[in-house]
Amino acid sequence: MNSSRNDFDAVEVIVAKRDGHRLSDEQIDWVIDAYTRGAVAEEQMSALTMAILLNGMDRAEIARWTAAMIASGERMSFSHLSRPTSDKHSTGGVGDKITLPLAPLVAVFDVAVPQLSGRGLGHTGGTLDKLESIPGWRAALSNDEMMRQLEDVGAVICQAGSGLAPADRKLYALRDVTGTVEAIPLIASSIMSKKIAEGTGSLVLDVKVGSGAFMKDIDRATELARTMVELGTDAGVHTVALLTDMEVPLGLTAGNALEVRESVEVLAGGGPADVVELTIALAREMLDAAGRPDADPAAALADGRAMDRWRAMIEAQGGDADADLPVARETEQVLAEADGVLTTLDAYAVGVAAWRLGAGRARKEDPVQAGAGVEIHARPGDAVRKGQPLLTLHTDTPERFERARQALAGGVVVGTAADVTDRPLVIDRIGA
Ligand code: URA
């Protein structure tokens, strides 16, 4: 990018967006490049991101902003692989362990799945933190190791290299501390710049809606999904989005080793019905997008092919697929306070409880406890008796129980059957 030709004043760009104008291509290219180089100050970019949050961006501006973030780093390509590639991205939820069974499941059908993942921050867990509870498993792979594993095994879940969209890394850290994470243009460009730079042939987005998600309401989730599908499609990536419920945690566990255990149950043909349903729904979309519309992912879960692929994937990264997973030193139960029906199991409350128990981190550099988290024994709609365990809290540090219980206050409610809201897991589908 030739920044000397268009050396804008950062203040001029901020004022334009503050006053509700659209930014020109040249302004966008310059501001992203100059910010990545350190020539636009953090306080200037923070004012600009706030102006974007308040005044928005149109489709062409978002596309240009995304392209500028892609241009800030390297672009990968999987075009030399012998099979098509398909990737999945979730906007993040509580108990969302779907990547773990999904990647090996899709690989069974000769589709390569490059899952470049991250660690958790805040109340949503990170895929790498979960897999790191498997003894020996290694998240950091070189590009060559990743490509070799995609050829040999067909699936890889690893840490995204620092060369992909470095502008996003800097910008995301800034948004995190300036109240500007929630801007749809910024979320969409952040996610899609990394996915487009990664070079996947097709992409399925799982856009979560509900208390445990970024997007609390369906209208905003739909707008985010549409924006990302348009960005992917315009960049030549076959992109589809499912809008899925995140009012209630996914499955019966939230926490690193606890979620690995549940994922292995799904790969063994069992596991909670919602985790199985979403794994299969996303697998079908990925297989369709990769040109395998006749594949039957449910059969591959039932007959052990997905489990074989999982073992190969874990072992290729040094993990011991047969090792016992870490277990927290201490547990406490949360009991039903009355007879009735469980009406509320709030995803955000459970996510914060798991985080406070040690499953998540408050700062990037904090360690996580592999065994910590929340095990769920009843789901909304289940009849419960007074004194019956509803949740088990797991931690190595029992002084955390009290704060976890505070997080759950009001989030676990026993009432009557009439108060139960039936909600579909897959709410909508956006894309061709
Ligand atoms: N995930 C990302 O990668 N970026 C965002 O802005 C939000 C979620």
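Residues numbered from 1 in each chain as written. Predicted model: local features only at pLDDT ≥ 70, side-chain atom pairs only at ≥ 80, totals over all residues. Heavy atoms only, no water.

Looking now at unusual backbone geometry. In terms of backbone geometry, most residues other than glycine have negative phi values and most peptide bonds are trans. Of note in the backbone geometry, Asp 110 takes a positive phi value of approximately 65 degrees without being a glycine. For Asp 110, the position within the fold is in the loop between α5 (99-107) and β2 (113-117). With a relative accessible area of 41%, Asp 110 lands in the partly exposed category. (Helix = DSSP H or I, 4+ residues; strand = E, 2+ residues; numbered from the N terminus. Buried < 20%, exposed > 50% of the residue type's maximum accessible area, 1.4 Å probe, protein only.)

Now for the layout of surface pockets. Considering only enclosed or pocket space, the second largest pocket measures out at about 470 Å³ in volume. Along the wall of the second largest pocket there are 23 residues; nearest its centre are Asp 245, Val 248, Arg 379, Pro 380 and Arg 423. Counting only elements with at least two residues in the lining of the second largest pocket, the list comes to α12 (273-289) and β8 (340-345). Grouping the constituent residues of the lining of the second largest pocket by class yields 10 nonpolar, 4 polar and 9 charged. Per-domain counts for the lining of the second largest pocket show at least three residues from each of domain 2 (86-161 + 171-322) and domain 3 (330-419). (1 Å grid on protein atoms, 1.4 Å probe; cavity = no way out; pocket = protein on both sides within 12 Å on 5 of 7 lines; lining within 4 Å. Points joined across faces, edges and corners; volume = space filled by probe spheres on them. Nonpolar A, V, L, I, M, F, W, Y, C, P; charged D, E, K, R; others polar. Domains from an automatic or database assignment.)

Spatially, β10-β8-β12 is the arrangement adopted by the 3 strands of the open sheet, whose pairing is antiparallel. Edge strands, defined here as strands with exactly one partner in the open sheet, are β10 (383-384) and β12 (412-415). (Pairing = 2+ DSSP bridges.)

In the region of the ligand, the neighbouring residues are Tyr 172, Arg 175, Ile 187, Ser 190, Ile 191, Lys 194 and Phe 214. Here an oxygen atom of the ligand sits 2.9 Å away from a polar atom, N or O, in the side chain of Arg 175. Taking Ser 190, its side chain carries an N or O atom lying 2.6 Å from a nitrogen atom of the ligand. Sorting the residues of the shell around the ligand by element identifies α8 (166-176) and α9 (184-198) as the ones contributing at least two each. The residue inventory of the shell around the ligand, partitioned by class, reads 4 nonpolar, 1 polar and 2 charged. (Near = heavy atom within 4 Å. Polar contact = N/O pair within 3.5 Å; in protein donor to acceptor, adjacent residues only side chain to side chain.)

Pairing in this open sheet of 4 strands is antiparallel, and the strands run β6-β9-β11-β7 from one edge to the other. In the strand order of this sheet, the two ends are held by β6 (253-254) and β7 (330-335), each with one partner. Where strand β9 (residues 373-376) lies against strand β11 (residues 389-395), 4 bridges are found, and the strand directions are antiparallel. Across the sheet, residue Ile 376 finds its bridge partner in β11, namely Leu 391. Against the sheet, helix α15 (residues 347-359) contacts β6, β9 and β11, and its axis sits at roughly 135 degrees relative to β9. (Contact = heavy atoms within 4.5 Å. Axes fitted to C-alpha atoms, helices over the stretch in contact; angles between N-to-C directions.)

As a further point, take the packing of α15 against helix α16 (residues 401-408). At a minimum axis separation of 8 Å, α15 and α16 run at an interaxial angle of 170 degrees. Compared by their axis directions, α15 and α16 come out roughly antiparallel. On α16, the residues touching Ala 349, Val 350, Val 352, Ala 353, Arg 356 and Leu 357 of α15 are Phe 401, Arg 403, Ala 404, Gln 406, Ala 407 and Leu 408. Looking at the contact of α15 with α16 residue by residue, the classes come out as 9 nonpolar, 1 polar and 2 charged. (Parallel < 35°, antiparallel > 145°, perpendicular 65-115°, else oblique.)

Turning next to the domain arrangement of the chain. When cut into domains, the chain gives domain 1 (10-71), domain 2 (86-161 + 171-322) and domain 3 (330-419). Put simply, the middle of domain 1 and the middle of domain 3, counted by C-alpha atoms, are 41 Å apart.

When the charged atoms of two side chains with opposite charge come close together, those side chains can pair. Under the defined criterion, the tally for this structure stands at 25 salt bridges. We note a salt bridge from Arg 59 to Asp 234, for which the minimum N-O separation is 3.0 Å. Placement of Arg 59 in helix α4 (residues 59-71) and of Asp 234 in helix α10 (residues 218-234) is noted, with a sequence separation of 175 residues between them. When salt bridges that share partners are traced, they join Asp 25, Asp 29 and Arg 64 into one network. (Salt bridge = Lys/Arg side-chain N within 4 Å of Asp/Glu carboxyl O.)

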